[in-house]
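# Geometric and topological summary
Residues per chain, in single letters:
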Amino acid sequence: MHIIVHNAKCHGHARCWSQAPEIFKLDDDGYILPGNINVAAGNESYASRGARSCPERALEINRSSDTAPVMA
Ligand code: SF4
């Protein structure tokens, strides 16, 4: 499972971080760092809770692969 990060949608609410700070890393202004996030086995529910907490839908859960796609 991985989380696809849509940085353009992030408004810096930090709700993802407040749910799962080990998974969702923010910059100094409270915006999610760029780059998709691979989720380790066992952390899926924890990561899903953080992703679903985003009111901007900036965090897309993808369960189809264990590896995040390479960013262009
Ligand atoms: S909850 Fe969403 S909008 Fe807020 S910091 Fe996280 S990704 Fe960005």
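Here goes a summary of the coordinates provided.

What counts, and at which threshold
Residues numbered from 1 in each chain as written. Predicted model: local features only at pLDDT ≥ 70, side-chain atom pairs only at ≥ 80, totals over all residues. Heavy atoms only, no water. Helix = DSSP H or I, 4+ residues; strand = E, 2+ residues; numbered from the N terminus. Buried < 20%, exposed > 50% of the residue type's maximum accessible area, 1.4 Å probe, protein only. Areas by Shrake-Rupley, 256 points an atom, 1.4 Å probe, with all protein chains shown as cover. Contact = heavy atoms within 4.5 Å.

## Description of the overall build of the protein
Across its full length, the protein carries 2 helices and 3 strands. What you see in the protein, going N to C, is helices and strands ordered as β-α-β-α-β. Within the span of the protein, comprising 72 residues, buried residues form 35% of the whole. By element, 49% of the accessible surface of the protein is carried by carbon and sulfur atoms, the whole surface being about 4,600 Å².

## Quick look at unusual backbone geometry
You will see that Ala14, though not glycine, has its phi angle at about 65 degrees, which is positive. Residue position: Ala14 is located in the loop between β1 (2-5) and α1 (15-19). A positive phi angle, near 55 degrees, is found at Arg57, a position not held by glycine. Tracing the chain through its elements places Arg57 in the loop between α2 (44-52) and β3 (59-62).

## Brief notes about the environment of Ile61
Looking at the secondary structure, you find Ile61 in strand β3. For Ile61 and Ile37, which are 24 residues apart along the polypeptide, the C-alpha to C-alpha distance reads 9.7 Å. With near-sequence residues (within four places) excluded, Ile61 lies in contact with Met1, His2, Ile3, Ser48, Ala51 and Arg52.

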